[in-house]
Amino acid sequence: QVQLVESGGGLVQAGGSLRLSCAASGRTFSSYAMGWFRQAPGKEREFVAFISWSGSSTGYADSVRGRFTISRDNAKNTVILQMNSLKPEDTAVYYCAAGTRLAYGSRHQDGYDYWGQGTQVTVSS
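For every chain, the first residue of the written sequence is number 1, and numbering continues from 1 along that sequence. Local features in a predicted model are, by the rule used here, given only for residues with pLDDT of at least 70; side-chain atom pairs are given and counted only at 80 or more, and totals for whole chains, interfaces and linings are based on all residues. Think of the side-chain values as coming from all heavy atoms in the structure, minus any hydrogens and water.

Before going further, it helps to spend a moment on the sheet that holds strand β1 (residues 2-7). A pair of strands is treated as paired once DSSP finds two or more bridges between them. Starting at the N terminus, helices and strands are each numbered in turn, a helix being any DSSP run of H or I of at least four residues and a strand any DSSP run of E of at least two. Spatially, β1-β3-β8-β7 is the arrangement adopted by the four strands of the open sheet, whose pairing is antiparallel. Strands at the two margins of the open sheet, each flanked by one partner only, are β1 and β7 (68-73). Within this sheet the neighbouring strands show an average axis-to-axis angle of 15°, counted without direction. Two strands pair when backbone bridges link them, and strand β3 (residues 18-26) and strand β8 (residues 78-83) are joined in this way by six bridges, in the antiparallel orientation. Each bridged residue has a counterpart across the sheet, and for Ser21 the counterpart in β8 is Ile80. Every angle, taken between N-to-C directions, lies between 0 and 180 degrees, and every axis is a line fitted to C-alpha atoms, over only the stretch in contact when it is a helix.

Structural data, given as C-alpha coordinates:
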(Lines give C-alpha, C1' and ligand atoms only; values in the text may rest on other atoms or scores of the structure.)
Protein backbone atom coordinates (compact mmCIF):
# COMPACT_ATOMS: atom_id res chain seq x y z
CA GLN A 1 0.00 0.00 0.00
CA VAL A 2 1.07 3.53 -0.79
CA GLN A 3 -0.55 6.69 0.50
CA LEU A 4 -0.08 9.92 -1.42
CA VAL A 5 -0.88 13.46 -0.30
CA GLU A 6 -0.51 16.43 -2.65
CA SER A 7 -0.08 20.04 -1.57
CA GLY A 8 0.88 23.39 -3.03
CA GLY A 9 -2.01 24.14 -5.34
CA GLY A 10 -3.69 27.52 -5.47
CA LEU A 11 -4.58 30.55 -7.54
CA VAL A 12 -1.89 32.29 -9.57
CA GLN A 13 -1.79 34.80 -12.40
CA ALA A 14 -0.67 33.82 -15.86
CA GLY A 15 3.11 33.85 -16.05
CA GLY A 16 3.46 32.96 -12.41
CA SER A 17 4.81 29.85 -10.70
CA LEU A 18 3.61 27.17 -8.32
CA ARG A 19 5.37 24.27 -6.65
CA LEU A 20 3.38 21.11 -6.05
CA SER A 21 4.53 18.51 -3.56
CA CYS A 22 3.46 14.91 -3.13
CA ALA A 23 4.34 13.10 0.09
CA ALA A 24 4.36 9.32 -0.06
CA SER A 25 4.16 6.75 2.71
CA GLY A 26 3.96 3.00 2.78
CA ARG A 27 6.20 1.03 0.45
CA THR A 28 9.84 1.94 -0.04
CA PHE A 29 9.61 5.20 -1.99
CA SER A 30 12.90 4.77 -3.82
CA SER A 31 11.77 1.53 -5.44
CA TYR A 32 9.15 2.87 -7.86
CA ALA A 33 8.39 5.55 -10.41
CA MET A 34 6.12 8.53 -9.84
CA GLY A 35 3.96 10.60 -12.13
CA TRP A 36 1.85 13.73 -12.25
CA PHE A 37 -1.43 13.91 -14.14
CA ARG A 38 -4.09 16.62 -14.37
CA GLN A 39 -7.77 16.90 -15.14
CA ALA A 40 -9.40 20.09 -16.35
CA PRO A 41 -13.16 20.66 -16.07
CA GLY A 42 -15.02 18.69 -18.70
CA LYS A 43 -11.87 16.94 -19.91
CA GLU A 44 -10.25 13.58 -19.35
CA ARG A 45 -7.32 13.20 -17.03
CA GLU A 46 -4.03 13.63 -18.92
CA PHE A 47 -0.35 12.93 -18.40
CA VAL A 48 1.91 15.76 -17.23
CA ALA A 49 5.26 14.27 -16.16
CA PHE A 50 6.96 11.16 -14.80
CA ILE A 51 10.18 10.43 -12.98
CA SER A 52 12.02 7.14 -12.54
CA TRP A 53 12.78 5.54 -9.19
CA SER A 54 16.23 7.11 -9.06
CA GLY A 55 15.30 10.43 -10.59
CA SER A 56 17.67 9.88 -13.51
CA SER A 57 14.93 9.60 -16.11
CA THR A 58 12.06 12.03 -16.64
CA GLY A 59 9.38 12.59 -19.25
CA TYR A 60 6.99 15.44 -19.98
CA ALA A 61 3.89 16.16 -21.97
CA ASP A 62 4.58 18.42 -24.93
CA SER A 63 2.28 21.05 -23.46
CA VAL A 64 4.45 21.51 -20.35
CA ARG A 65 7.96 20.67 -21.54
CA GLY A 66 10.32 23.56 -20.83
CA ARG A 67 7.98 25.08 -18.24
CA PHE A 68 7.48 22.29 -15.69
CA THR A 69 10.15 20.30 -13.87
CA ILE A 70 9.62 17.08 -11.96
CA SER A 71 12.05 16.01 -9.25
CA ARG A 72 12.14 13.69 -6.26
CA ASP A 73 13.84 13.46 -2.89
CA ASN A 74 13.98 9.81 -1.90
CA ALA A 75 15.27 10.70 1.55
CA LYS A 76 12.11 12.72 2.19
CA ASN A 77 9.69 10.46 0.26
CA THR A 78 8.60 13.45 -1.80
CA VAL A 79 8.09 14.24 -5.46
CA ILE A 80 7.95 17.84 -6.64
CA LEU A 81 6.40 19.46 -9.69
CA GLN A 82 7.81 22.94 -10.23
CA MET A 83 5.51 24.84 -12.59
CA ASN A 84 6.75 28.05 -14.20
CA SER A 85 5.31 30.36 -16.86
CA LEU A 86 1.84 29.13 -16.04
CA LYS A 87 -0.96 29.58 -18.55
CA PRO A 88 -4.74 29.63 -18.07
CA GLU A 89 -4.90 26.29 -19.89
CA ASP A 90 -2.86 24.76 -17.07
CA THR A 91 -5.90 25.16 -14.81
CA ALA A 92 -6.83 21.70 -13.52
CA VAL A 93 -6.81 19.36 -10.58
CA TYR A 94 -3.34 17.89 -10.37
CA TYR A 95 -2.81 14.31 -9.15
CA CYS A 96 0.35 12.51 -8.21
CA ALA A 97 0.53 8.81 -8.84
CA ALA A 98 2.76 5.93 -7.78
CA GLY A 99 3.67 3.16 -10.16
CA THR A 100 4.90 0.37 -7.92
CA ARG A 101 5.34 -1.91 -10.94
CA LEU A 102 7.29 0.74 -12.83
CA ALA A 103 10.97 1.52 -12.58
CA TYR A 104 11.21 4.20 -15.24
CA GLY A 105 7.77 5.78 -15.38
CA SER A 106 5.00 5.86 -17.93
CA ARG A 107 2.79 8.33 -19.78
CA HIS A 108 -0.15 5.98 -19.37
CA GLN A 109 -2.47 6.13 -16.39
CA ASP A 110 -2.93 2.38 -16.22
CA GLY A 111 0.73 2.02 -15.30
CA TYR A 112 0.07 3.65 -11.94
CA ASP A 113 -1.65 1.86 -9.10
CA TYR A 114 -1.92 4.50 -6.35
CA TRP A 115 -3.27 8.03 -6.63
CA GLY A 116 -3.46 11.08 -4.43
CA GLN A 117 -6.61 13.05 -3.77
CA GLY A 118 -5.61 15.91 -6.08
CA THR A 119 -4.83 19.58 -5.61
CA GLN A 120 -6.48 22.43 -7.51
CA VAL A 121 -4.38 24.75 -9.65
CA THR A 122 -6.11 27.80 -11.09
CA VAL A 123 -4.33 30.19 -13.43
CA SER A 124 -6.06 33.50 -14.10
CA SER A 125 -5.53 35.49 -17.28
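With that settled, consider the side chain of Thr91. Checked against the element boundaries, Thr91 lands in the loop between β8 and β9 (92-99). Given a relative accessible area of 19%, Thr91 falls into the buried group. Between N or O atoms, a polar contact is any pair within 3.5 Å; within protein, one atom must be a potential hydrogen donor and the other a potential acceptor, and residues adjacent in sequence are included only when both atoms are from side chains. Among the polar contacts listed, one links the side chain of Thr91 to the backbone oxygen of Pro88, at a separation of 2.9 Å. One polar contact links the side chain of Thr91 to the main-chain amide nitrogen of Val123, over a distance of 2.9 Å. Not counting the four nearest positions on each side in its chain, Thr91 is found in contact with Ala40, Pro41, Gln120, Val121, Thr122 and Val123. Throughout this description, buried means an accessible area under 20% of the type-specific maximum (1.4 Å probe, protein chains only), exposed means over 50%, and partly exposed covers the range between. Note on contacts: a residue pair is in contact if any heavy atoms of the two residues lie within 4.5 Å.

Across the chain, the bulk of peptide bonds are trans and the bulk of non-glycine residues have phi less than zero. Phi is positive for Asn77, close to 55°, though the residue is something other than glycine. Here Asn77 lies in the loop between β7 and β8. Since its relative accessible area comes to 28%, Asn77 is described here as partly exposed. The backbone phi angle of Ser85 is positive, close to 50°, even though this residue is not glycine. Tracing the backbone shows Ser85 in the loop between β8 and β9. In this structure Ser85 comes out as partly exposed when scored by relative accessible area, which is 42%.

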